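Here is how the chains run, residue by residue.
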Amino acid sequence: NAGVTQTPKFRILKIGQSMTLQCAQDMNHNYMYWYRQDPGMGLKLIYYSVGAGITDKGEVPNGYNVSRSTTEDFPLRLELAAPSQTSVYFCASSTGQGTSSYNSPLHFGNGTRLTVT
Amino acid sequence: GQSLEQPSEVTAVEGAIVQINCTYQTSGFYGLSWYQQHDGGAPTFLSYNALDGLEETGRFSSFLSRSDSYGYLLLQELQMKDSASYFCAGLLGSSYKLIFGSGTRLLVRP
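Basis of the calculations
Note on numbering: residues in each chain are counted from 1, in written sequence order. The naming scheme follows written order: chains are lettered A onward, ligands numbered 1 onward. A pLDDT threshold of at least 70 governs which residues receive local features in this predicted model, and a stricter bar of 80 or more applies before side-chain atom pairs are shown or counted, although totals over entire chains, interfaces and linings include all residues. The side-chain numbers reported here are obtained from all heavy atoms of the structure, hydrogens and water having been left aside. Counting from the N terminus, the helices are the DSSP runs of H or I reaching at least four residues and the strands are the DSSP runs of E reaching at least two. Computation of the radius of gyration draws on C-alpha atoms alone. For the globule rule, the value is 2.2 Å times the number of residues to the power 0.38. Note on classification: 1.4 Å probe, protein chains only; a residue is buried when its accessible area is under 20% of the maximum for its type, exposed when over 50%, partly exposed between these limits. Only heavy atoms matter for contacts: two residues are in contact if any of them lie within 4.5 Å across the pair. The method behind every accessible area is Shrake-Rupley, applied with a 1.4 Å probe, and residues are considered shielded solely by the protein chains displayed. Neither His nor the chain termini are counted; the positive set is Lys and Arg, and the negative set is Asp and Glu. Where a charge lies is defined by one atom per residue type: Lys uses NZ, Arg uses CZ, Asp uses CG and Glu uses CD. When two components associate, each loses some accessible surface as probed by a 1.4 Å sphere; the sum of these losses over both components is called the buried area. In the sections that follow, a salt bridge refers to a side-chain nitrogen of Lys or Arg positioned within 4 Å of a carboxyl oxygen of Asp or Glu. For the purposes of these results, a polar contact is taken to be a pair of N or O atoms within 3.5 Å, where, inside protein, one atom must be able to donate a hydrogen and its partner to accept one; residues adjacent in sequence count only when each atom of the pair is a side-chain atom. Residues are grouped as follows: Ala, Val, Leu, Ile, Met, Phe, Trp, Tyr, Cys and Pro are nonpolar; Asp, Glu, Lys and Arg are charged; every other residue, Gly included, is polar. Aromatic rings from Phe, Tyr and Trp, with only the six-membered ring used for Trp, were paired whenever their centres fell within 6.5 Å, and each pair was classed as stacked if the ring planes differed by under 30 degrees, edge-to-face if by over 60, and tilted otherwise. Two conditions define a charge located above a ring, namely a distance within 6 Å from the ring centre to NZ of Lys or CZ of Arg, and an angle within 35 degrees of the ring normal. Here, the term nonpolar core denotes a set of buried Ala, Val, Leu, Ile, Met, Phe, Trp, Tyr and Cys residues that are joined through side-chain atoms within 4.5 Å. Counting rule for disulfides: a pair of cysteine sulfur atoms within 2.5 Å.

Engineer: I'd like to hear about the overall build of chain B, residue by residue, with values.
Structural biologist: What chain B contains, in helices and strands, is zero helices and eleven strands. Along chain B, from the amino end to the carboxyl end, the secondary structure elements read β-β-β-β-β-β-β-β-β-β-β. Taking 110 residues into account, the globule formula puts the C-alpha radius of gyration at 13 Å, and chain B, at 13 Å, falls close to it. C-alpha extents for chain B along the principal axes are approximately 45 × 30 × 20 Å. Of all 110 residues assigned to chain B, the portion counted as buried reaches 49%. Long-range pairs, those at least 24 residues apart, make up 56% of the contacts in chain B between residues at least 6 apart in sequence. Here chain B displays about 5100 Å² of accessible surface, and carbon together with sulfur accounts for 47% of that area. Once the 6 positive and 10 negative side-chain charges of chain B are each reduced to a mean point, those two points are 5 Å apart.

Engineer: For the overall build of chain A, give the residues involved together with the corresponding values.
Structural biologist: What chain A contains, in helices and strands, is zero helices and eleven strands. Taking 2.2 N^0.38 as the reference for a compact globule, 117 residues should give roughly 13 Å; the C-alpha atoms of chain A span a radius of gyration of 14 Å, in line with that estimate. With 117 residues in all, chain A has 45% of them scored as buried. Contacts spanning at least 24 positions in sequence make up 56% of the contacts within chain A whose residues lie at least 6 apart. Summing over all exposed atoms, chain A offers an accessible surface of approximately 5400 Å²; the carbon and sulfur share of this is 51%. If the 9 positive side-chain charges of chain A are averaged to one point and the 7 negative ones to another, these points end up 9 Å apart.

Engineer: Tell me about the interface of chain A and chain B, residues and numbers included.
Structural biologist: Between chain A and chain B, the residue contacts involve 25 residues of the former and 21 residues of the latter. For the pair chain A and chain B, the summed buried area comes to about 1900 Å², and 64% of that belongs to carbon and sulfur atoms. Applying the counting criterion to the chain A and chain B interface returns zero salt bridges. If you look at where chain A meets chain B, you find five residue pairs in polar contact (both at pLDDT 80 or more). Along the lines of polarity and charge, the residues of the side of chain A that touches chain B split into 13 nonpolar, nine polar and three charged.

Engineer: Could you give an account of unusual backbone geometry, naming the residues involved and the relevant values?
Structural biologist: Residues and elements named next belong to chain A. With an omega of -5 degrees, the peptide bond between Thr7 and Pro8 qualifies as cis. In this fold, Pro8 is placed in the loop between strand E1 (4-7) and strand E2 (10-13). Phi is positive for Asn28, close to 60 degrees, though the residue is something other than glycine. Residue placement: Asn28 occurs in the loop between strand E3 (19-25) and strand E4 (31-37). Here the phi dihedral of Leu80 falls at roughly 55 degrees; this positive angle occurs in a residue that is not glycine. In this structure, Leu80 sits in the loop between strand E8 (76-78) and strand E9 (87-94).

Engineer: Give a detailed account of the packing of aromatic side chains, specifying residues and quantitative values.
Structural biologist: Each aromatic ring pair is characterised by the separation of its centres together with the angle its planes make. Considering all chains together, one arrives at 16 aromatic pairs over all chains under this definition. Plain terms: the ring middles of Tyr33 of chain A and Tyr48 of chain A are 6.1 Å apart, the flat faces sit at 15 degrees to each other, and that makes the pair stacked. Residue Tyr33 of chain A is found in strand E4, and its partner Tyr48 of chain A is found in strand E5 (residues 43-51); the two are separated by 15 residues along the sequence. Taken individually, Tyr33 of chain A and Tyr48 of chain A each receive the classification buried, so the pair is uniform in this respect. Centre to centre, the rings of Phe63 of chain B and Tyr72 of chain B are 5.0 Å apart; their planes meet at 20 degrees, and the pair counts as stacked. Here Phe63 of chain B falls in the partly exposed class, since its relative accessible area comes to 23%. Relative accessible area serves as the criterion here: at 16%, Tyr72 of chain B is assigned to the buried category. Its guanidinium or amino end placed over the ring of Phe74 of chain A, Arg68 of chain A lies 5.9 Å from that ring's centre, counting from NZ or CZ.

Engineer: Talk me through the nonpolar core; I want residue IDs and the actual numbers.
Structural biologist: With 41 residues, the main nonpolar core has Tyr33, Tyr35 and Phe108 of chain A together with Leu75, Tyr86, Leu98 and Phe100 of chain B as its most contacted residues. For this core, the leading source of residues is strand E9 (residues 84-92) of chain B, giving seven residues.

Engineer: I'd love a proper account of the state of the cysteines, names of residues and values included.
Structural biologist: Residues and elements named next belong to chain A. Overall, the coordinates contain two disulfides over all chains when judged by the stated rule. Put simply, Cys23 and Cys91 are joined by a disulfide, and their sulfur atoms are 1.9 Å apart. The sign of the -70 degrees torsion about the S-S bond sets the Cys23-Cys91 disulfide as left-handed. Within this pair, whereas Cys23 is found in strand E3, its partner Cys91 is found in strand E9, the two being separated by 68 residues in sequence.

Structure (structure tokens):
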């Protein structure tokens, strides 16, 4: 199993450009998450999804959009990139079974390192 | 708002025991999880506590007291490879959001 696959690994964007960060999982997980991690800091939740067709905002959703048309894929869209969006972006998934999803470990991808200049 | 607080850094000697604390500021968390992250890597799951008390997984133990909004991760027989950042995470039961603490950087010295 590949687990959670994120592409690209690295990207440099100019201010105002747009891009999509791809995330795919092959574990048939219902729950998927996008986090960003600034240097030396914790992970901040951007968006999450509890199943295909269902998405919701996290702690820091401004400047981002997501979609979940299939169970496997959860792309993150950046519109009008800004220097404040320079960060490492992690996608994660878990089985998430109702309120017992706290005992479903998150499986993380290897991250996308994004620089906006 | 919801937040989880951790010390920013802890230093310990190889072979020793170290405790990393996590306090949270909301009553809406369902359980506490712990993740390890080495520099340049992705976080990996270590343990979780759904109920009060101690959970043990090899050299790692995790404790939760919901009445005190407090938990900790205990690492025994420290090894150099345990040098990493450790994050506590809480699930907001009303929304399934998994919120992470600010992280504790553990440095293990010879």
